[in-house]
Amino acid sequence: MKRSRRVKIVATLGPASSTYEMIRQLHETGADVFRLNMSHGSHADIAERHAIIRQVEKDLDSPIAILADLQGPKLRVGEFANGSEELEWGASFRLDLDTTPGTQERVCLPHPEIFAALEPGATLLINDGKLRLRVEECAEDHANCTVVAGGTISNRKGVNVPDVVLPLAALSEKDRKDLEFVAELGVDWLALSFVQRAADVEEARKLCGGRAAILSKIEKPAAVKAFDEILAVSDGIMVARGDLGVELPVQNVPPIQKRLVRKCRAAAKPVIVATQMLESMIESPMPTRAEVSDVATAIYEGTDAIMLSAESAAGKYPIEAVATMDNVAREVESDQTYIEVIEASRMAKRESVADGIVAAARQIAEATDIKAICCFTSSGVTASLVARERPWVPIIAMTSLRGTARRLSLTWGTQCVMTGELERFKQAVVNAARAARALGYAEEHDQIVVTAGVPFNTAGTTNILRVAPCDERLIYRTDPG
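Before going into details, it helps to say that this report is about the structure given with it.

Rules used in this analysis
- Residues numbered from 1 in each chain as written.
- Predicted model: local features only at pLDDT ≥ 70, side-chain atom pairs only at ≥ 80, totals over all residues.
- Heavy atoms only, no water.
- Helix = DSSP H or I, 4+ residues; strand = E, 2+ residues; numbered from the N terminus.
- Rg over C-alpha atoms; globule rule 2.2 N^0.38 Å.
- Buried < 20%, exposed > 50% of the residue type's maximum accessible area, 1.4 Å probe, protein only.
- Contact = heavy atoms within 4.5 Å.
- Lys, Arg positive; Asp, Glu negative; His and termini not counted.
- Charge placed at Lys NZ, Arg CZ, Asp CG, Glu CD.
- Expected span 1.5 Å × (residues − 1).
- Core = buried A, V, L, I, M, F, W, Y, C linked by side-chain atoms within 4.5 Å.
- Axes fitted to C-alpha atoms, helices over the stretch in contact; angles between N-to-C directions.
- Parallel < 35°, antiparallel > 145°, perpendicular 65-115°, else oblique.
- Left-handed = near helix turned anticlockwise from the far one by under 90°.
- Pairing = 2+ DSSP bridges.
- Phe/Tyr/Trp six-rings, centres within 6.5 Å; stacked < 30°, edge-to-face > 60°.

### Observations concerning the overall build of the protein chain
Looking only at helices and strands, one finds 18 helices and 21 strands in the protein chain. Its C-alpha atoms give the protein chain a radius of gyration of 24 Å, within 12% of the compact-globule value 23 Å for 481 residues. Dimensions along the principal axes, computed over C-alpha positions, put the protein chain at roughly 85 × 45 × 45 Å. Residues classed as buried in the protein chain amount to 56% of the 481 residues present. The contacts of the protein chain with a sequence gap of at least 6 include a subset with a gap of at least 24, amounting to 67%. Here the protein chain carries 56 positive and 66 negative side-chain charges, and the mean point of each set is 6 Å from the other.

### Details of helix 12 (residues 318-333)
Taking 1.5 Å of rise per residue, the 16 residues of helix 12 would be expected to cover 22 Å, and the 23 Å separating its terminal C-alpha atoms lies within 8% of that figure. Along helix 12, the residues classified as buried are Pro318, Ile319, Ala321, Val322, Thr324, Met325, Asp326, Val328, Ala329, Val332 and Glu333. Check the buried side of helix 12 and you find it contacts strand 1 (8-13), helix 1 (20-29), helix 10 (289-300), strand 16 (305-308), helix 11 (310-313) and helix 13 (336-344).

### Things to note about the nonpolar core
Among the nonpolar cores identified, the biggest contains 89 residues, and Phe34, Leu190, Leu192, Ile299 and Ile306 are the most heavily contacted of them. Top contributing element to this core by residue count: helix 12, with seven residues. Sequence-distant contacts of Ile306, that is, excluding residues within four places in its chain, are made with Val7, Lys8, Ile9, Val10, Ile272, Val273, Met277, Val295, Ala298, Ile299 and Met325. With 27 residues, the next largest nonpolar core counts Leu75, Leu95, Leu109 and Ala143 among its residues.

### Some points on the packing of helix 4 (residues 173-185) against helix 5 (residues 198-208)
At a minimum axis distance of 10 Å, the contact between helix 4 and helix 5 shows a crossing angle of 45 degrees. Between helix 4 and helix 5, the angle falls in the class oblique. Crossing angle aside, the handedness with which helix 4 passes helix 5 is right-handed. Facing Arg176, Leu179 and Glu180 of helix 4, the residues of helix 5 in contact are Glu203, Ala204, Leu207 and Cys208.

### A short note on the sheet that holds strand 9 (residues 142-149)
Across the sheet, which stays open at both edges, the six strands sit in the order 6-5-9-8-7-11 with mixed pairing between neighbours. Two strands in the sheet have a free side with no partner beyond their single neighbour: strand 6 (106-108) and strand 11 (159-160). Here five bridges tie strand 5 (residues 92-96) to strand 9, and the two strands are oriented antiparallel to one another. Bridge pairing in strand 9 links Phe93 to Cys145.

### Thoughts on the packing of aromatic side chains
Inspection of every chain in the model, using the stated rule, returns two aromatic pairs. Centre to centre, the rings of Tyr338 and Trp392 are 5.9 Å apart; their planes meet at 70 degrees, and the pair counts as edge-to-face. Linking Tyr338 in helix 13 with Trp392 in the loop between helix 15 (381-388) and strand 18 (395-399), this pair joins segments that are 54 residues apart in sequence. An identical accessibility class is assigned to Tyr338 and Trp392; each is buried. These aromatic residues form a ring-pair network of at least three members: Tyr300, Tyr338 and Trp392.

### What to know about the packing of helix 2 (residues 43-60) against helix 4
The interhelical angle for the contact between helix 2 and helix 4, taken along N-to-C directions, is 25 degrees, at an axis separation of 11 Å. The angle between helix 2 and helix 4 falls in the class roughly parallel. The two elements helix 2 and helix 4 meet at a crossing, and its hand is right-handed. Of helix 4, the residues touching helix 2 (which contributes His43, Ile46, Ala47 and His50) are Lys177, Asp178, Phe181, Val182 and Leu185.

### What about the sheet that holds strand 20 (residues 447-453)?
Read from one edge of the open sheet, five strands run 19-18-17-20-21, paired in mixed fashion. Here the strands that pair on one side only, and so sit at the sheet edges, are strand 19 (414-418) and strand 21 (462-469). Going from strand to strand, the sheet's axes swing by 25 degrees on average, the running direction of each strand aside. As defined by bridge partners, strand 17 (residues 370-376) adjoins strand 20 across four bridges and the pair is classed as parallel. Bridging from a neighbouring strand, Ile373 pairs with Val449 of strand 20. Along the sheet face, helix 15 touches strand 17, strand 18, strand 19, strand 20 and strand 21 and points at about 145 degrees away from the line of strand 17. This element, helix 17 (residues 425-438), spans strand 17, strand 18, strand 19, strand 20 and strand 21 of the sheet and lies at about 135 degrees to strand 20.

What follows is the structure, given as structure tokens:
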């Protein structure tokens, strides 16, 4: 499906968006990727939504990426005898392994691995940071704390430990079962929650066995510190600002977001900016001005994708939320300032033949009247390299692999077109010209740039750049072979 914008939109599915009619309308309105949140819904629910997306894809002949988001290890306090308690500033409060219902003085924290990692002076955040405790003394089975930000604490509230790298298993038992289920189901992207180190990603990749691309969610200070190593072993990144904003001072999040987006772009790996982008649209058909500015800022930074969470999963106005993102994206991308920002942030990285070819393709396209860059890709890497250049002409990714076309739905500016397996470069050029004309990017008298690798259907062999006419008669007359 042809889009009039370059940034991609990820929409989370849920109770408000689980029917064929709604999912189709979301895609037609602008959703390029659908996120399945494994924290909510049974395997039967997930399988049903997956099947509907694939039916919409077939009916509209439009590749759609499916992103399965694993829950990750959830740290929670136990239950209270009265259901909840009020903790006042300066009061003492104890966390321990005793499963007896909690009181105003203590509660169970059934995670011995936390106690093993804690040190005096460490901070514990409860209920998304609304309560803050400072550890005064700790051992392998308890932590005596002082309340430094009081409030209500109640049953099963979440706990964050921002100051230390926790010795937690990268994947919980639930995550392992969910991973195997969605990998067999056939999702395109697998998102890992609460990544702390590169080894977490490598463990998931081993379990996945190449059945899906791996996307790491950056939502802990430890992940920010180890970001370069995490990025190196990931296929993509999500800047998950919700938990990141809980565990770090909120003023730290915007510069981190900008830094991570730039690093992902330099590595030619897609990055999603996520969490609370249009939060008010859960209840309102109109976003706040601040939310619109937030979405626009992420687009100006050059992110590959922007994401809706509860807005599309459980909100009252999922279609309006997608339409709002689409409208903001098109407005920003038509702004001269956006063009200036993107051009100023281009980073020269010429380490391979493929790097040089895609850079030359962008330069030729911008220096002459080229209508599109058509890249033939097996793994999707060539298309990602072209997208890293952020050209101002359309990028048409040509592939014979449905999985590659789906995964590229997350990559900035790419329009994916399925093609048969090719053996001759001349036929590749013909197919590219036909695709450019069919999508309305070019007419017969126009020219396009074609990049490919010979031999065909082999990953990592991009070695040809051709300026080609869209008139097939001229192609057959002038192209050898």
